[in-house]
Amino acid sequence: MNTKQAVAKRILELCSQKQLTVNALANAAGISPSTIYSMLNQKSMNPGVVSLKKICDGMDISIREFFDSELFDNLEQEIQ
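Quick look at the structure, then.

## Some points on the nonpolar core
Residues Ile11, Leu25, Ile36, Ile55, Met59 and Phe66 are the most contacted members of the largest nonpolar core, which totals 19 residues. Of all the elements in the fold, those that place two or more residues in this core are α1 (3-17), α2 (22-29), α3 (33-40) and α4 (49-59). For this core, the element with the most residues is α1, which contributes five residues. Sequence-distant contacts of Met59, defined by excluding residues within four places in its chain, comprise Ile11, Leu14, Cys15, Lys18, Leu20 and Leu25.

## Section: the packing of α2 against α4
In the contact formed by α2 and α4, the axes pass within 8 Å of each other and the chain directions differ by 100 degrees. Relative to α4, the element α2 is oriented roughly perpendicular. Mapping the contact onto sequence places Leu25, Ala28 and Ala29 in α2 and Lys54, Ile55, Gly58 and Met59 in α4.

## Some remarks on α3
Restricting attention to buried positions, one finds in α3 the residues Ile36, Ser38 and Met39. Across the axial projection of α3, the buried residues extend over an arc of 160 degrees, all falling on one side. Turning to α3, the residues buried within the fold contact α1, α2 and α4.

## Observations regarding the layout of surface pockets
Of the pockets and cavities examined, the largest pocket occupies roughly 150 Å³. Along the walls of the largest pocket sit Thr3, Lys4, Val7, Met45, Asn46, Pro47, Val49, Leu52, Ile63, Phe67 and Glu78, which together make up its complete lining. Contributing elements (two or more residues each) for the lining of the largest pocket: α1, α4 and α5 (63-67). If you tally residues by element for the lining of the largest pocket, the top one is α1, at three residues. Residues of the lining of the largest pocket, tallied by class, amount to seven nonpolar, two polar and two charged.

## Regarding the packing of α3 against α4
Interhelical geometry of α3 versus α4 gives an angle of 110 degrees and a closest axis separation of 12 Å. One way to sum up the angle between α3 and α4 is to call them roughly perpendicular. In terms of crossing hand, the pair formed by α3 and α4 is left-handed. Each of Thr35, Ile36 and Met39 in α3 lies in contact with α4, whose residues at this interface are Ser51, Leu52 and Ile55.

## With respect to the side chain of Ser38
Turning to its location among the elements, Ser38 is positioned in helix α3. A distance of 2.8 Å separates a polar atom in the side chain of Ser38 from the backbone oxygen of Thr35. Leave out the neighbours within four places in its chain, and Ser38 touches Lys43 and Ser44.

Calculation criteria
- Residues numbered from 1 in each chain as written.
- Predicted model: local features only at pLDDT ≥ 70, side-chain atom pairs only at ≥ 80, totals over all residues.
- Heavy atoms only, no water.
- Core = buried A, V, L, I, M, F, W, Y, C linked by side-chain atoms within 4.5 Å.
- Buried < 20%, exposed > 50% of the residue type's maximum accessible area, 1.4 Å probe, protein only.
- Helix = DSSP H or I, 4+ residues; strand = E, 2+ residues; numbered from the N terminus.
- Contact = heavy atoms within 4.5 Å.
- Axes fitted to C-alpha atoms, helices over the stretch in contact; angles between N-to-C directions.
- Parallel < 35°, antiparallel > 145°, perpendicular 65-115°, else oblique.
- Arc of directions from axis to C-beta.
- 1 Å grid on protein atoms, 1.4 Å probe; cavity = no way out; pocket = protein on both sides within 12 Å on 5 of 7 lines; lining within 4 Å.
- Points joined across faces, edges and corners; volume = space filled by probe spheres on them.
- Nonpolar A, V, L, I, M, F, W, Y, C, P; charged D, E, K, R; others polar.
- Left-handed = near helix turned anticlockwise from the far one by under 90°.
- Polar contact = N/O pair within 3.5 Å; in protein donor to acceptor, adjacent residues only side chain to side chain.

Below, the structure is given as structure tokens:
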């Protein structure tokens, strides 16, 4: 799994835990649903830190909590 896939899975995992739809998350985060959807599919290959911070704010968690997941433990090396 690469970093982008792990971020997408983590967003969906947290939405499920907090019973949020992507649209509800976008509203809470103050960003457009298309921004989140682009992070979840192949359109955005590099999710921005500012967008991730807004998503965390919308979920009322810290960036540290976002990355505190086994999803990020064994990522593929990104440098080829």
